[in-house]
Amino acid sequence: MQMPQGNPLLLPYTLQELLARDSVQVELIPEKKGLFLKHVEYEVSSQRFKTSVCRRYNDFVVFHEMLLHKFPYRMVPALPPKRVLGADREFIEGRRRALKRFINLVARHPPFSEDTTLKLFLSFSGPDVQNRLREAAQGVGDEFLNCKLATRAKDFLPADIQTQFAMSRELIRNLYNSFYKLRDRAERIASRAIDNAADLLIFGKELSALGSDMTPLPSWATLHLSTWASLKQALKGLSVEFAVLADKAAQQGRQEENDVVEKLNLFLDLLQAYKDLCERHEKGVLHKHQRALHKYGLMKRQMMSAAVQNCEPESVEQLESRIVEQENVIQTMELRNYFSLYCLHQETQLVHVYLPLTSHILGAFVNSQIQGHKEMSKVWNDLKPKLSCLFTGPHSVLTPPRSPAEDSLCPH
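Residues numbered from 1 in each chain as written. Predicted model: local features only at pLDDT ≥ 70, side-chain atom pairs only at ≥ 80, totals over all residues. Heavy atoms only, no water.

Novice: Sorry if this is basic, but what is going on with the overall build of the protein here?
Specialist: From N to C terminus, the protein includes 14 helices and three strands. Counting across all 412 residues of the protein, residues that qualify as buried make up 39%. Of the contacts made within the protein by residues no fewer than 6 positions apart, 76% connect residues no fewer than 24 positions apart. Carbon and sulfur atoms make up 56% of the accessible area of the protein, which amounts to about 24200 Å² in all. (Helix = DSSP H or I, 4+ residues; strand = E, 2+ residues; numbered from the N terminus. Buried < 20%, exposed > 50% of the residue type's maximum accessible area, 1.4 Å probe, protein only. Contact = heavy atoms within 4.5 Å. Areas by Shrake-Rupley, 256 points an atom, 1.4 Å probe, with all protein chains shown as cover.)

Novice: Help me understand the pattern of salt bridges in this model?
Specialist: Pairs may arise between side chains of opposite charge once their charged atoms sit close together. Following the criterion strictly, the structure yields 17 salt bridges and no others. For the salt bridge of E262 with R97, the shortest nitrogen-to-oxygen distance reads 3.7 Å. One end of the pair, E262, is in helix α11 (residues 227–308); the other, R97, is in helix α3 (residues 89–107), and 165 residues separate them in sequence. Like R97, E262 is buried. The partner of E187 in a salt bridge is R183, with the nearest N and O atoms 3.9 Å apart. Pair noted here: E187 and R183 are both in helix α9 (residues 161–211), with a separation of four residues, about one helical turn. With a relative accessible area of 36%, E187 lands in the partly exposed category. Each of E27, E93, R96, R97, R101, E262 and D269 takes part in salt bridges that share partners, so that together they form one network. (Salt bridge = Lys/Arg side-chain N within 4 Å of Asp/Glu carboxyl O.)

Novice: What is the right way to look at helix α2 (residues 57–70) in this model?
Specialist: In an α-helix, one turn spans 3.6 residues, which is why side chains three or four residues apart end up on the same side. An ideal rise of 1.5 Å per residue puts 20 Å on 14 residues; α2 measures up with 20 Å between its terminal C-alpha atoms. For α2, every residue scored as buried is listed here: Y57, D59, F60, V62, F63, H64, M66, L67 and K70. (Expected span 1.5 Å × (residues − 1).)

Novice: I keep staring at the side chain of N265 and nothing clicks. Help me out?
Specialist: Note on placement: N265 falls in helix α11. N265 sits in the buried class, given a relative accessible area of 8%. Dropping the residues within four chain positions of it, N265 is found in contact with R101 and R183.

Novice: How should I be thinking about the nonpolar core in this particular structure?
Specialist: In a soluble, globular protein the nonpolar side chains are often hidden away together inside. Grouped together as the largest cluster of nonpolar side chains are 44 residues, with contacts concentrated most on M75, F339 and Y342. Elements with a contribution of two residues or more to this core: α1 (15–19), α9, α11, α12 (313–354) and α13 (357–383). Sequence-distant contacts of F339, defined by excluding residues within four places in its chain, comprise Y73, E143, F144, C147, A150 and A153. In terms of nonpolar packing, the next biggest core, distinct from the first, is built from 31 residues, V44, F60, F71 and V106 among them. (Core = buried A, V, L, I, M, F, W, Y, C linked by side-chain atoms within 4.5 Å.)

Novice: In this structure, what is going on with unusual backbone geometry? I would like to understand it.
Specialist: Most peptide bonds adopt trans geometry, and most residues besides glycine take a negative phi value. For K50, which is not glycine, the phi torsion reads 55° and is therefore positive. With respect to the helices and strands, K50 occurs in the loop between β2 (38–46) and β3 (51–56).

Novice: How do you make sense of the packing of α2 against helix α6 (residues 129–137) when you look at a structure like this?
Specialist: Two quantities define a packed helix pair, namely the angle between the helix axes and the distance between the axes. In the contact formed by α2 and α6, the axes pass within 9 Å of each other and the chain directions differ by 10°. Classified by the interaxial angle, the pair formed by α2 and α6 is roughly parallel. Packed against α2, whose contacting residues are N58, D59, V62, F63, E65, M66 and H69, the element α6 presents V129, Q130, L133, R134 and A137 at the interface. Tallied by class, the residues present in the contact of α2 with α6 amount to six nonpolar, three polar and three charged. (Axes fitted to C-alpha atoms, helices over the stretch in contact; angles between N-to-C directions. Parallel < 35°, antiparallel > 145°, perpendicular 65-115°, else oblique. Nonpolar A, V, L, I, M, F, W, Y, C, P; charged D, E, K, R; others polar.)

Novice: What should I look at first to understand the environment of D155 in this one?
Specialist: As for its position among the elements, D155 is in helix α8 (residues 153–156). Expressed as a C-alpha distance, the spacing of D155 and Y338, which sit 183 residues apart in the sequence, is 9.2 Å.

Novice: How should I be thinking about the side chain of H109 in this particular structure?
Specialist: Position of H109 relative to the elements: it lies in the loop between α3 and α4 (110–113). Of the polar contacts made by the side chain of H109, one reaches the side chain of E347; its length is 2.8 Å. Contacts of H109, omitting those with residues within four sequence positions, involve R74, M75, E347 and L350. (Polar contact = N/O pair within 3.5 Å; in protein donor to acceptor, adjacent residues only side chain to side chain.)

Novice: Whenever I open this one, a nonpolar patch on the surface confuses me. Can you help?
Specialist: Taken together, the side chains of L210, L217 and W228 make up a nonpolar region of the molecular surface, amounting to roughly 270 Å² of accessible area. Inspection of the secondary structure assignment puts L217 in the loop between α9 and α10 (219–222). A residue is classified by how much of its surface remains accessible, and L217, at 47% relative accessible area, is partly exposed. (Patch = residues over 30% accessible without salt bridge, like charges linked within 9 Å, V, L, I, M, F, W, Y side chains within 5 Å.)

Novice: Looking at this model, I keep getting lost on the packing of helix α5 (residues 116–123) against α6. Mind explaining?
Specialist: At a minimum axis distance of 10 Å, the contact between α5 and α6 shows a crossing angle of 165°. On the basis of the axis angle, α5 is roughly antiparallel to α6. Helix-helix and strand crossings are classified by hand; for α5 and α6 the assignment is right-handed. Residue-level inspection shows T117, L120 and F121 of α5 in contact with α6, the latter providing R132, L133 and A136. (Left-handed = near helix turned anticlockwise from the far one by under 90°.)

Novice: What's the story with the packing of aromatic side chains in this structure? I'm lost.
Specialist: Aromatic ring pairs are reported here in terms of the distance separating the ring centres and the angle at which the planes meet. Here the structure, examined in full by the defined rule, presents 14 aromatic pairs. With 6.3 Å between their ring centres and 90° between their planes, Y42 and F60 make a pair best called edge-to-face. Taken as a pair, Y42 in strand β2 and F60 in helix α2 lie far apart in primary sequence, 18 residues in all. For the residue pair Y42 and F60, the accessibility class agrees, reading buried in each case. Chaining the aromatic ring pairs together yields one cluster made of Y42, F60, F63, F102 and F121. (Phe/Tyr/Trp six-rings, centres within 6.5 Å; stacked < 30°, edge-to-face > 60°.)

Novice: What should I look at first to understand the confidence of the model for the protein in this one?
Specialist: Low-pLDDT portions of the prediction should not be read for the details of their coordinates. Across the protein, the average pLDDT comes to 84, with 77% of residues at or above 70. Confidence over residues 394–398 falls short of pLDDT 50; this stretch has eight contacts with residues more than four positions distant or in other chains. (pLDDT = per-residue confidence, 0-100.)

Below, the structure is given as structure tokens:
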């Protein structure tokens, strides 16, 4: 792993530099019928490697496993859930979006992006990519064994690293909770726009159906006037404008799903990966270190007891040998613990590098709202003159209703 000059603990990247590392597209390939069940395949295209490969969900699973094996102390984003029986299109599309977020976070992660595992996954076009991924990982240790600075990680850590870790973890937890609520509201806003589109379309169709009604009316009901015929003719033509309004509303909803909701989901995936990493640190290397220390304490007490009881020299030598081995284990676990904290410190910085994504999200939301309302306002304004024949005044003169402001200016 190449390290930046100066303090290797500090990450010198900006958000733009990370986003520029790669842009990976994940698109559905039409389902192929298997012997028993259909399976979904994805076309995964990398801008950086200029490749396009076919992948299945299980390929992503093996790739995920290899990342956790090689980078246990880094943020490895979680995969979406496995397909369930009877999965509908909505589930399949949601999983495609989640896989796209996963692979883009991985492709832009500094250590991952320089690893051969990523290149293999994004560029290998031969059969059985899963075995190739496993073969490439065989005999290759994790990042601790391959990083030249791993054994000196303690030297670069601040003295209050444990306090900083606790504070960072609390901050990320609060960020996650806030962005989770923002994502939910953004989903509802986009969903309302799409629902509004459906309602506008149906509204226009009903007006058209009303205008197309050919049921004859008796002359005594219409008083020989052509008002209803004129109204029907006008109503029939309004469905076009309402279809345009529906299309504008649907476009706005889809745009906010892609540019706002998906970016919020991307950041949430990153924050969740950080939370998972913190748990792995506590339940993994830290817990193993504590167990090794506990075992070492038991051995020392056995040694002291053996010395007091004047045991045979061979049993004492065996116990001493085991103690030396345990001391080596403890030393390795201590080094791994410091390296884990070293990586955590860098991953915390990486989360903060992604924080300016908030301004991108807000900008996309504001622009979508402005553009959407502007386009729909134009259609509404174009529609208004066409309503003039719908308003009947005295003596069959057609006059549109006044606005409340106009009524307040006219004497009664």
